[in-house]
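# Reading the structure
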Amino acid sequence: HVKWRGKNGFQYYDPSMNSMFHKKLSLENELRRAIEKRQIVLYYQPKIHLDGHCVIGLEALARWHHPELGLVSPLEFIPLAEETGLIHALGEMLLEEACVQMRQWQDAGLNNFSLAINISPQLVEEDAFVSRILTPIRHHQLSEDLFEIEITENLLMRDVESSISKLKELGSHGIKIALDDFGTCYSSLAYLRRFPIHSVKIDKSFVSDISSTSENASIISAIAGIANGFKLDLIAEGVETIPQMHTLQSLGCTKMQGFLFSKPLPAKEMTQVLHNPSLLFQDVPAPPQMLP
Ligand code: C2E
Ligand code: MG
Ligand code: MG
Ligand code: MG
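Description of the structure in this document.

Parameters at a glance
- Residues numbered from 1 in each chain as written.
- Chains lettered and ligands numbered in written order.
- Predicted model: local features only at pLDDT ≥ 70, side-chain atom pairs only at ≥ 80, totals over all residues.
- Heavy atoms only, no water.
- Helix = DSSP H or I, 4+ residues; strand = E, 2+ residues; numbered from the N terminus.
- Expected span 1.5 Å × (residues − 1).
- Buried < 20%, exposed > 50% of the residue type's maximum accessible area, 1.4 Å probe, protein only.
- Donors = N, O, S within 2.8 Å, 3.2 Å for Na, K, Ca; no water.
- Core = buried A, V, L, I, M, F, W, Y, C linked by side-chain atoms within 4.5 Å.
- Contact = heavy atoms within 4.5 Å.
- Phe/Tyr/Trp six-rings, centres within 6.5 Å; stacked < 30°, edge-to-face > 60°.
- Lys NZ or Arg CZ within 6 Å of the ring centre and 35° of its normal.
- Near = heavy atom within 4 Å.
- Polar contact = N/O pair within 3.5 Å; in protein donor to acceptor, adjacent residues only side chain to side chain.
- Areas by Shrake-Rupley, 256 points an atom, 1.4 Å probe, with all protein chains shown as cover.
- Nonpolar A, V, L, I, M, F, W, Y, C, P; charged D, E, K, R; others polar.
- Arc of directions from axis to C-beta.

### A short note on helix α3 (residues 87-107)
Residues lying three or four places apart along an α-helix face the same way, a consequence of the helix completing one turn every 3.6 residues. Along its 21 residues, α3 runs 30 Å from first to last C-alpha, staying within 8% of the 30 Å computed at 1.5 Å per residue. Those residues of α3 that fall on the buried side of the exposure criterion are Ile87, Leu90, Gly91, Met93, Leu94, Leu95, Ala98, Cys99, Gln101, Met102 and Trp105.

Here you go:
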């Protein structure tokens, strides 16, 4: 065994590190090629409102159509893209794709919903972040208020002042900001107050066992209270069952997203859903009728 100096003195060299390194390097090269060849595309998942059974927005979610591996999850390649800096090229390509798609939907008269894009913290830290977001939107003659960006709590701790001012600038142009996976990170309520946030998304981990532990229901109810107090919009993600839907509703959350309504779909299938949103509510009991 070859010895090398680790952080804490001498450690044994592990031959498997070498192959891990090569595996990662080849994946990085594949990812670079996939971006060039546009093998990474967007799927769309509807965000619904129980009142009126309507679609209020879509979330764009990246999918890698790998020639050998099939569909690769963003949980695999987004972290790699972030580590390697490829996230900048990937983010730019996906935003362009989102704008082209949104233009098509607008032209087809499908214009009463917003589109949410997930944004990595690295992109927000770029100097040109604001114009990188606004330029493609304007280029496709889309209204800024059709767009929302989803950021995660870990952004809140990085480069705070400059992130706040960039997000405020986007907000002043009508772009909405959502705090994704809310409650999963260290969250400081003081940051929440300072950041120009329009909505919070309850993380799916709280929704998935909402009824098995009463703690999760308490967390959701606390998040609903925070959203209410800060005058923020509230939406739950990862809703898979009707009991989860009912519990959320009873806790004051009526906007949601999840497999109960729809999985993320390719653009073509999402177009059909947008033409006929009742497809999403086939398994869901009708909302209560208003009495005259
Ligand atoms: P996220 O933004 O929190 O997205 C929600 C994830 O939950 C998505 O996973 C979605 O497919 C999944 N999901 C939705 N409904 C349900 C449900 O009812 N049950 C369950 N079990 N899961 C549900 P996905 O598409 O694999 O994306 C994972 C994460 O990857 C996203 O989490 C987001 O953080 C990141 N991501 C995806 N696309 C992009 C992108 O274009 N850019 C960046 N920076 N990150 C992205
Ligand atoms: Mg998201
Ligand atoms: Mg989330
Ligand atoms: Mg997430």
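### Focus: the coordination of the magnesium ion (ligand 3)
Protein-derived ligands of the magnesium ion (ligand 3) are Asp180 (OD), Asp181 (OD), Glu237 (OE) and Glu237 (OE), with the metal-ligand distances lying across 2.0 to 2.4 Å. One chain supplies every donor for the magnesium ion (ligand 3), spaced along it as D-D-x55-E. Here the magnesium ion (ligand 3) and the magnesium ion (ligand 2) are spaced 4.2 Å apart, and both take aspartate 180 as a donor. You can see aspartate 180 sitting in strand β8 (residues 176-182) and its partner glutamate 237 sitting in the loop between β10 (233-236) and α10 (242-250), a full 57 residues away along the chain. Across this residue pair, the class does not change: aspartate 180 and glutamate 237 are buried.

### Comments concerning the environment of leucine 25
With respect to the helices and strands, the residue leucine 25 is situated in helix α1 (residues 15-36). For leucine 25, a relative accessible area of 37% gives the class partly exposed. Spatially, the C-alpha atoms of leucine 25 and threonine 84 are 9.8 Å apart, while their sequence positions differ by 59 residues.

### Examining the nonpolar core
Grouped together as the largest cluster of nonpolar side chains are 85 residues, with contacts concentrated most on Ile40, Leu90, Phe129 and Phe261. The dominant element in this core, judged by the number of residues it contributes, is α3, at 9 residues. Ignoring any residue separated from it by four or fewer positions in sequence, one finds leucine 90 in contact with Ile35, Ile40, Phe77, Ile78 and Ala81.

### Comments concerning the packing of aromatic side chains
Under the criterion given, the structure shown has 4 aromatic pairs. A centroid spacing of 5.0 Å and a plane angle of 75 degrees characterise the contact between tyrosine 44 and tryptophan 105, whose relative ring orientation is edge-to-face. With tyrosine 44 in strand β3 (residues 40-49) and tryptophan 105 in helix α3, this residue pair connects regions lying 61 residues apart in the sequence. The buried category is assigned to tyrosine 44, whose relative accessible area is 1%. An aromatic cluster is present here, built from Tyr44, Trp105 and Phe113 joined pairwise through their rings. In this arrangement the basic side chain of lysine 263 is found over the ring face of phenylalanine 259, its NZ or CZ atom lying 5.0 Å from the centre.

### Things to note about the site of ligand 1
Around ligand 1 there are 23 residues in total, and Arg63, Asn118, Asp180, Glu240 and Phe259 lie nearest to it. Note that a nitrogen atom of ligand 1 is positioned 3.0 Å from one of the side-chain N or O atoms of glutamine 45. Interatomic distance of 3.0 Å between a side-chain N/O atom of aspartate 181 and an oxygen atom of ligand 1. Bound to the protein, ligand 1 loses 84% of the 810 Å² it would expose on its own. Residue contributions to the shell around ligand 1 peak at 4 residues, all from strand β4 (residues 54-66). Residues belonging to the shell around ligand 1 are distributed by class as follows: 9 nonpolar, 6 polar and 8 charged.

### Describing helix α11 (residues 267-275)
Those residues of α11 that fall on the buried side of the exposure criterion are Ala267, Met270, Val273 and Leu274. The buried residues of α11 occupy an angular sector of 110 degrees when projected down its axis, which confines them to one face. The outward face of α11, more than 90 degrees from its buried face, is lined by the exposed residues Lys268, Gln272 and His275. Considering only its buried residues, α11 is in contact with β3, β4, α3 and β12 (265-266).

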